[in-house]
Amino acid sequence: MTTPLQVTARLRTPVTGSDHVRGAADAPVTIVEYGDFQCHYCGAAYPNLTELLRQREGTVRLVYRYFPIANVHPYAESAAEAAEAAGVRGRFWEMHDWLYEHQDQLDPVHLSLGVEQLGMPPDDIDAEVERHAHADRVRRDFVGGIRSGVNGTPTLFVNDARHDGGYALPDLLAAVDAAADT
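What counts, and at which threshold
Residues numbered from 1 in each chain as written. Predicted model: local features only at pLDDT ≥ 70, side-chain atom pairs only at ≥ 80, totals over all residues. Heavy atoms only, no water. Buried < 20%, exposed > 50% of the residue type's maximum accessible area, 1.4 Å probe, protein only. Helix = DSSP H or I, 4+ residues; strand = E, 2+ residues; numbered from the N terminus. Pairing = 2+ DSSP bridges. 1 Å grid on protein atoms, 1.4 Å probe; cavity = no way out; pocket = protein on both sides within 12 Å on 5 of 7 lines; lining within 4 Å. Points joined across faces, edges and corners; volume = space filled by probe spheres on them. Nonpolar A, V, L, I, M, F, W, Y, C, P; charged D, E, K, R; others polar. Salt bridge = Lys/Arg side-chain N within 4 Å of Asp/Glu carboxyl O. Axes fitted to C-alpha atoms, helices over the stretch in contact; angles between N-to-C directions. Parallel < 35°, antiparallel > 145°, perpendicular 65-115°, else oblique. Left-handed = near helix turned anticlockwise from the far one by under 90°. Contact = heavy atoms within 4.5 Å.

Participant: Just to check I follow, could you spell out the pairing of strand β3 (residues 60-66) for this structure?
Facilitator: If a strand is regular, its side chains alternate between the two faces of the sheet. Burial within β3 is extensive, with seven of its seven residues counted as buried. When strand β1 (residues 20-22) meets β3, the two strands line up antiparallel, connected through three bridges. Opposite H20, over in β3, you have Y64 as the bridge partner. Here strand β2 (residues 29-35) runs beside β3; their pairing, made up of seven bridges, is parallel. Across the sheet, the residue bridging to E33 is Y64, located in β3.

Participant: Looking at this structure, I do not really get the layout of surface pockets. What am I missing?
Facilitator: To find the voids left in a structure, one rolls a probe of water-molecule size over its atoms. Space inside the largest pocket adds up to approximately 190 Å³. Around the largest pocket, the lining residues are S78, A82, P108, L111, S112, V115, I125, D126, V129, E130 and H132. Listing elements by their share of the lining of the largest pocket, those giving two or more residues are α2 (76-87), α4 (108-117) and α5 (122-130). The residue inventory of the lining of the largest pocket, partitioned by class, reads six nonpolar, three polar and two charged.

Participant: Explain the pattern of salt bridges to me, please; I cannot follow it from the model alone.
Facilitator: A side chain with one charge may pair with a side chain of the opposite charge, provided their charged atoms come close. Applying the stated criterion across every chain yields a total of 10 salt bridges. In this structure, E51 and R54 form a salt bridge, with 2.5 Å as the shortest nitrogen-oxygen distance. Highlighted residues: E51 and R54, both in helix α1 (residues 40-55), separated by three residues, approximately one helical turn. Looking at R54, the relative accessible area reads 54%, which means it is exposed. Among the charged side chains, a salt-bridge network with shared partners connects E84, R137 and D141.

Participant: How should I be thinking about the packing of α1 against helix α7 (residues 169-181) in this particular structure?
Facilitator: For any two helices packed against each other, the geometry comes down to the angle between their axes and how far apart the axes lie. At a closest axis distance of 9 Å, the pairing of α1 and α7 adopts a crossing angle of 45°. Taken together, the axes of α1 and α7 are oblique relative to one another. The interaxial crossing formed by α1 with α7 has right-handed handedness. Residues N48, L49, E51, L52 and Q55 of α1 form the contact with α7, whose participating residues are L169, L172, L173 and V176. A breakdown of the residues in the contact of α1 with α7 according to their chemical character gives six nonpolar, two polar and one charged.

Participant: In this structure, what is going on with the sheet that holds β1? I would like to understand it.
Facilitator: The strands making up a sheet associate through backbone hydrogen bonding, with each pair oriented either parallel or antiparallel. Strand order in the open sheet formed by five strands is β1-β3-β2-β4-β5, and the pairing between neighbours is mixed. In this open sheet, the two strands that pair with only one neighbour each are β1 and β5 (161-163). Shown here is a sheet whose adjacent strand axes are inclined to one another by a mean of 30°, direction ignored. Contacts from α7 reach β2, β3, β4 (155-158) and β5 within the one sheet, and its direction differs from that of β2 by about 140°.

Participant: Whenever I open this one, the side chain of T153 confuses me. Can you help?
Facilitator: For T153, the location among the structural elements is in the loop between α6 (135-147) and β4. Look at T153 and you get buried, because its relative accessible area is 11%. Not counting chain neighbours up to four residues away, the residues in contact with T153 comprise Y34, G35, D36, C39, Y41, C42, F67 and I69.

Below is the structure:
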């Protein structure tokens, strides 16, 4: 009798200085999220990840990577490109939060209004999104996700190992605490 081989998916693209990181650089636990701004499951995970960072400040950092599933979410790629446009201006996390807090308003008109609400130049960012100035970055994250076994969103990796547990706050706290103890 043989036992089926169980393989834990691993993060294949290491975290670098070009990643969007929230939390202490020297935190013992790193969560890498592959997300889609139009995905309702990502939207449900967003407040839990925010609270996790608050409750485990200094213990965990969050890395966000783009994984827009464009065939299901028509505004996901433009939202990712707008977030990256904000990122080159040092405002990624503000845009990230706005996008998740306004998931039902990701069409071009509302997206432009959101950029303006955050005090960024809407005409400049609209032009960058229109000409896909940041598409290579979004594609690089997406390909890194594919290489790491991402097949849906959100997908989380805790210290490079895929987290296949839930996205409720107690599940995330338990995963971080277990990773911090190892």
